[in-house]
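Notes for the structure review
Here is what each chain is made of, one letter per residue.
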Amino acid sequence: MHKHPSALGVATALKPAAPVTLIRPEAAARAARFFVEKFPGRSLYAVKANPSPDLLRTLWDGGITHYDVASIAEVRLVAETLPDAKLCFMHPVKAEEAIFEAYHSHGVRTFSLDTIDELEKIMRACRDATDLELCVRLRVSSEHSELSLASKFGAELGETRELLMATRQAADALGICFHVGSQAMSPRAYSDAIERVRAAIVDAAVTVDIIDVGGGFPSIYPGMEPVALENYFEAIHRGFESLPVSYSSELWCEPGRALSAEYSSIIVRVERRRGTELYITDGAYGALFDAAHIGWRFPVALLREDESEEELTAFSFYGPTCDDMDHMVGPFMLPADIGVGDYIEIGMLGAYGAAMRTGFNGFTSEATIEVADEPMASLYTEVMPVRRRSNVIKLG
Ligand SMILES: *Cc1c(COP(=O)(O)O)cnc(C)c1O
């Protein structure tokens, strides 16, 4: 792995023609330590946000010992990368072969489900094992989140009683899990969901051993500045403490975005300018899927040795492929004199950015460089680092 002091240094020294992924292990380690120290329970890293083995090892060193995996490929990857990690297979709809291999070859004992069919599938694949931790996924509202996860998975109110009772019979430990949607902008998302959990427990009258509040913890992006994560932890702790669960019950969470967003950014070059449209070297089929498809705004900064004094102006981006949909509307605020040959850092791409890259149309890049400067924004530092003028995320 190449190392460099800063993003600016990479752009000016290497002048890369293809996009470069920058990684900041210290930022990810800091996020891991924050969750380990401050979340009032156990934190599982949701691997889908960014499965990079380097990141997995960094989080492990930061104290994250449990990993939320959703496919047999993720099971194999984490088992190989971190042999002592505990794996929790939290996709509610799994292939029976995947469950079989996870249980019998990789020691996985924790599975989620949201139907009786899936419960039966798990019991068949695990040969009616008596050492299972089974988490019933409840459907909860995504109203406080930027990205909904409310349609696809989760048992409905009318279904939870039978499902919880049947799962209680089969499980060594019974859990209840949910996901409030990604980038939850209010702690209310969790307190409301915990009220759903309470109703389900009371209705089924079962003993519950694990409450898993899932992912959804926010990161920081332009126009999306959440309150401090401590507020989320407090709301969750209060809700958990008031639930009718067994005295020794455990509280879990599954952050993906919050543990990985600050880990990566990318450097791209401007290949053409047309008015306020910049044609850059990465896009919708690279690390900018969310920017293209759901209009996500990532922080941007011009990487020029002599900082531009020009007004910040709203730009949109076109990616490098020949596809019209390879378009990121932004707005991305950059100095008005930006032009062909300039380099831009696009930040906070460690979650659902670097992991989404395809090779469509021949535009891809494996180039990864470790840098020592701070991420473009952070939820884990007292003062937001403001390295460059165009870097400032305006608050409020
Ligand atoms: C995607 C996912 C997560 C992580 O969600 P974030 O919003 O990235 O924190 C956690 N748990 C499950 C079951 C998921 O599908």
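Residues numbered from 1 in each chain as written. Predicted model: local features only at pLDDT ≥ 70, side-chain atom pairs only at ≥ 80, totals over all residues. Heavy atoms only, no water.

1. Observations concerning the pairing of strand S7 (residues 133-137)
Along S7, five of the five residues are buried, which leaves the element largely enclosed by surrounding structure. Neither face of S7 is open: one carries Glu-133, Cys-135 and Arg-137, the other Leu-134 and Val-136, and all of them are buried. Pairing geometry for strand S6 (residues 110-113) and S7, over four bridges, is parallel. Pairing of Phe-111 across the sheet is with Leu-134, part of S7. In this fold, S6 hands off to helix H6 (residues 116-125), which returns the chain to S7; that crossover is right-handed. For S7 and strand S9 (residues 173-177), the ladder comprises five bridges, and the chain directions are parallel. For Glu-133, the partnering residue across the bridge sits in S9 and is Ala-173. (Buried < 20%, exposed > 50% of the residue type's maximum accessible area, 1.4 Å probe, protein only. Helix = DSSP H or I, 4+ residues; strand = E, 2+ residues; numbered from the N terminus. Pairing = 2+ DSSP bridges. Right-handed = clockwise from strand over helix to strand, strands pointing away.)

2. What about the UniProt feature "modified residue: N6-(pyridoxal phosphate)lysine" (unreviewed entry) in the protein?
Annotation from UniProt places "modified residue: N6-(pyridoxal phosphate)lysine" (unreviewed entry) at Lys-48. If you trace the backbone, Lys-48 turns up in the loop between strand S3 (42-46) and helix H3 (53-61). We classify Lys-48 as partly exposed; its relative accessible area is 46%. When neighbours within four sequence positions are excluded, Lys-48 is seen to be in contact with Glu-74, Tyr-352 and Ala-355. (UniProt positions renumbered as here; feature names shortened; annotations may be inferred. Contact = heavy atoms within 4.5 Å.)

3. Re the domain arrangement of the protein
By convention, interface size is frequently given as the accessible area that disappears when the constituent parts associate. Each assigned domain of the protein is listed here: domain 1 (3-23 + 263-371) and domain 2 (26-260). Relative placement of domain 1 and domain 2: their C-alpha centres are 33 Å apart. Contact with domain 1, which involves 13 residues of that partner, is made by 19 residues of domain 2. For the pair domain 1 and domain 2, the summed buried area comes to about 1500 Å², and 64% of that belongs to carbon and sulfur atoms. Counting the surface domain 1 buries against domain 2, the share from its top three residues, Tyr-263, Trp-296 and Tyr-352, is 51%. Counting every contact that joins domain 1 to domain 2 gives zero salt bridges. At the junction of domain 1 with domain 2, the criterion picks out three residue pairs in polar contact (both at pLDDT 80 or more). Here the side of domain 1 that touches domain 2 is built from residues that sort into ten nonpolar, two polar and one charged. (Domains from an automatic or database assignment. Buried area = accessible area lost by both parts, 1.4 Å probe. Salt bridge = Lys/Arg side-chain N within 4 Å of Asp/Glu carboxyl O. Polar contact = N/O pair within 3.5 Å; in protein donor to acceptor, adjacent residues only side chain to side chain. Nonpolar A, V, L, I, M, F, W, Y, C, P; charged D, E, K, R; others polar.)

4. Regarding the site of the ligand
Around the ligand sit 14 residues in total, of which Lys-48, Ser-182, Glu-254, Arg-257 and Tyr-352 are the nearest. Here an oxygen atom of the ligand sits 2.9 Å away from a polar atom, N or O, in the side chain of His-179. For the ligand, whose free accessible area comes to 390 Å², the fraction covered by protein is 91%. A majority-of-atoms criterion places the ligand in the largest pocket. (Near = heavy atom within 4 Å. Areas by Shrake-Rupley, 256 points an atom, 1.4 Å probe, with all protein chains shown as cover. 1 Å grid on protein atoms, 1.4 Å probe; cavity = no way out; pocket = protein on both sides within 12 Å on 5 of 7 lines; lining within 4 Å. Sits in = over half its atoms within 2 Å of the grid points.)

5. Re the pattern of salt bridges
Inspection of the entire model under this criterion finds 24 salt bridges. For the salt bridge of Asp-54 with Arg-57, the shortest nitrogen-to-oxygen distance reads 3.3 Å. Linking Asp-54 with Arg-57, this pair stays in helix H3, spanning three residues, or about one helical turn. A relative accessible area of 34% means that Asp-54 is categorised as partly exposed. Glu-118 is paired through a salt bridge with Lys-121; the nearest N and O atoms lie 2.8 Å apart. One end of the pair, Glu-118, and the other, Lys-121, are both in helix H6, three residues apart, so they sit about a helical turn from each other.

6. Topic: the environment of Gly-216
Inspection of the secondary structure assignment puts Gly-216 in the loop between strand S11 (210-212) and helix H9 (229-241). Its relative accessible area of 6% is what places Gly-216 among the buried residues. The spatial distance from the C-alpha of Gly-216 to the C-alpha of Pro-187 is 10 Å, given a sequence separation of 29 residues. Look past the residues within four positions of Gly-216 in its chain and what remains in contact with it is His-179, Val-180, Gly-181, Ser-182, Gln-183, Ala-184 and Tyr-190.

7. Details of the packing of aromatic side chains
Applying the stated criterion across every chain, the model contains 18 aromatic pairs. Here the aromatic rings of Tyr-190 and Phe-217 are separated by 5.0 Å at their centres, their planes lie at 15°, and the arrangement is stacked. With Tyr-190 in helix H8 (residues 188-204) and Phe-217 in the loop between S11 and H9, this pair connects stretches of sequence that are 27 residues apart. Considered together, Tyr-190 and Phe-217 belong to a single accessibility category, that of buried residues. (Phe/Tyr/Trp six-rings, centres within 6.5 Å; stacked < 30°, edge-to-face > 60°.)

8. Focus on empty space enclosed by the protein
Scanning all chains against the criterion turns up two cavities of 30 Å³ or more. Of the voids in this model, the second largest cavity is the one considered here, and its volume is about 40 Å³. If you go around the second largest cavity, the residues you meet are Ser-141, Ser-142, Glu-143, His-144, Ser-145, Val-180, Ala-189 and Asp-192. Among the residues forming the lining of the second largest cavity, the class breakdown is two nonpolar, four polar and two charged. (Points joined across faces, edges and corners; volume = space filled by probe spheres on them.)

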